[in-house]
Amino acid sequence: MIALCDRLYMTLAQYLDWEPQQLEKYEYLNGEAYAMTGGTIPHNRIAINLIAALHPHLRDRGCLVLGSDAKVVISESGPSFYPDVVVTCDPRDRTAIAAIRYPSLIIEVLSPGTESFDRGDKFRFYRSLPSLQEYALINSDRPNIEIFRLNTSQKWELTAYEAGDSVALRSLDFTISIDLIYEDVTLPTSNSAQQSTEQKLPVLTV
């Protein structure tokens, strides 16, 4: 185990060796590890609904759908993130143990503490993955889904979905009702907004 502080840096290889020994999950960015704490029940429920719907569709297609315990490594030097849902159809990922490296679809369920990062720098890193075809952002406060798709001109296009819509995941040839994604999800009311506890904190001295 490596003794870390918020000013001591690791290589990606050191992080991949160190992180499985920890009691918590850590994402890796710019040579530093950042602790991940829990999200809300609606956040988790949305991810589970998607995984449950995608699994039978992908079973015979040679694709894997994985949850928030599967990390995605962007390059040989990092960073490394834990998306809420990730799908890979690349045979090189089928035997992966430490991390997924060739995802075709990444889904993040938004939380107040991480939304700006998911929309900004994290998406910038994800876009550098040659295998990625779609990136979905799902609101956990109201029925709203934004999907960024790579078009034939290699430009990212945005399509937004609201309550009552059917959501198309074109990279997987899959369509799902937005109501099914939010099935059994208790959304916060306007006068009692529920705040997510999910944050990414720098590692302190251990």
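In what follows, the structure referred to is the one given above.
> Explanation requested: the nonpolar core in the structure shown.
If you look at soluble globular proteins, the nonpolar side chains tend to sit buried side by side. Ranked by size, the top nonpolar core spans 28 residues in total, and within it Ile138, Ile145 and Ile181 carry the most contacts. Contributing elements (two or more residues each) for this core: helix H2 (41-58), strand S6 (85-88), strand S7 (103-110), strand S8 (134-139), strand S9 (144-150), strand S11 (166-169), strand S12 (174-177) and helix H5 (178-181). Contacts of isoleucine 181, omitting those with residues within four sequence positions, involve Ile46, Asn49, Leu50, Ile138, Ile145, Val167 and Ile176. With 18 residues, the next largest nonpolar core counts Ile100, Phe123, Leu129 and Phe148 among its residues.

> Before we go on, may I ask you to explain the side chain of lysine 71 in this structure?
Structurally, the position occupied by lysine 71 is in the loop between strand S3 (64-66) and strand S4 (72-73). A relative accessible area of 7% means that lysine 71 is categorised as buried. Among the polar contacts made by the side chain of lysine 71, one reaches the side chain of tyrosine 82 at a distance of 3.4 Å. Here lysine 71 is in contact with Tyr15, Leu16, Glu19, Ser80, Phe81, Tyr82, Ala98, Ala99 and Ile100, once residues within four sequence places are set aside.

> How should I be thinking about unusual backbone geometry in this particular structure?
Following glycine 78, the chain continues to proline 79 via a peptide bond in cis, the omega torsion being 0°. We note that glutamine 154 has phi near 65°; this positive angle belongs to a residue other than glycine. Residue placement: glutamine 154 occurs in the loop between S9 and strand S10 (156-162). The exposure class assigned to glutamine 154 is exposed, which follows from its relative accessible area of 55%. Positive phi, normally seen in glycine, also occurs at aspartate 184, with a value near 60°.

> Looking at this model, I keep getting lost on the packing of aromatic side chains. Mind explaining?
When we look at a pair of aromatic rings, we describe it by the centre distance and by the angle of the planes. Tallied over the full model, the rule gives 9 aromatic pairs. Centroid distance phenylalanine 123 to tyrosine 135: 4.6 Å. Interplanar angle 20°. Geometry classified as stacked. One end of the pair, phenylalanine 123, is in helix H4 (residues 121-127); the other, tyrosine 135, is in strand S8, and 12 residues separate them in sequence. Residue phenylalanine 123 is classed as buried on the basis of its relative accessible area, which comes to 5%. Taken together, the aromatic side chains of Phe81, Phe117, Phe123, Phe125, Tyr126, Tyr135, Phe148 and Trp156 make up a single cluster linked through ring pairs. Sitting over the face of the ring of tyrosine 82, lysine 25 holds its NZ or CZ atom 4.9 Å from the ring centroid. The ring of phenylalanine 123 has arginine 127 lying over it, and the distance from NZ or CZ to the ring centre is 4.6 Å.

> I'm lost on the pairing of S6 in this one. Help?
Looking along a regular strand, one sees side chains alternate from face to face of the sheet. Burial of the side chains of S6 extends over both faces: Val85 and Val87 are buried on one face and Val86 and Thr88 on the other. Two elements, S3 and S6, share 3 bridges in a ladder whose sense is antiparallel. By the bridge assignment for S6, valine 65 is matched with valine 87. The pairing of S6 with S7 spans 4 bridges and is classified as antiparallel. Pairing of valine 85 across the sheet is with isoleucine 107, part of S7.

> How do you make sense of the sheet that holds S9 when you look at a structure like this?
Sheet strands line up and pair through hydrogen bonds in the backbone, either parallel or antiparallel. Strands sit in the order S3-S6-S7-S8-S9-S10 across an open sheet of 6 strands; the sheet is mixed. Looking at the sheet topology across the chains shown, the edges are occupied by S3 and S10. If you compare each strand with its neighbour and ignore which way they point, the axes differ by 15° on average. Inspection of the sheet shows S8 paired to S9 by 5 bridges, in the antiparallel sense. The residue bridging tyrosine 135 from the neighbouring strand is phenylalanine 148, located in S9. Here H2 sits on the sheet in contact with S3, S6, S7 and S8, set at roughly 170° to S3.

Calculation rules
- Residues numbered from 1 in each chain as written.
- Predicted model: local features only at pLDDT ≥ 70, side-chain atom pairs only at ≥ 80, totals over all residues.
- Heavy atoms only, no water.
- Core = buried A, V, L, I, M, F, W, Y, C linked by side-chain atoms within 4.5 Å.
- Buried < 20%, exposed > 50% of the residue type's maximum accessible area, 1.4 Å probe, protein only.
- Helix = DSSP H or I, 4+ residues; strand = E, 2+ residues; numbered from the N terminus.
- Contact = heavy atoms within 4.5 Å.
- Polar contact = N/O pair within 3.5 Å; in protein donor to acceptor, adjacent residues only side chain to side chain.
- Phe/Tyr/Trp six-rings, centres within 6.5 Å; stacked < 30°, edge-to-face > 60°.
- Lys NZ or Arg CZ within 6 Å of the ring centre and 35° of its normal.
- Pairing = 2+ DSSP bridges.
- Axes fitted to C-alpha atoms, helices over the stretch in contact; angles between N-to-C directions.

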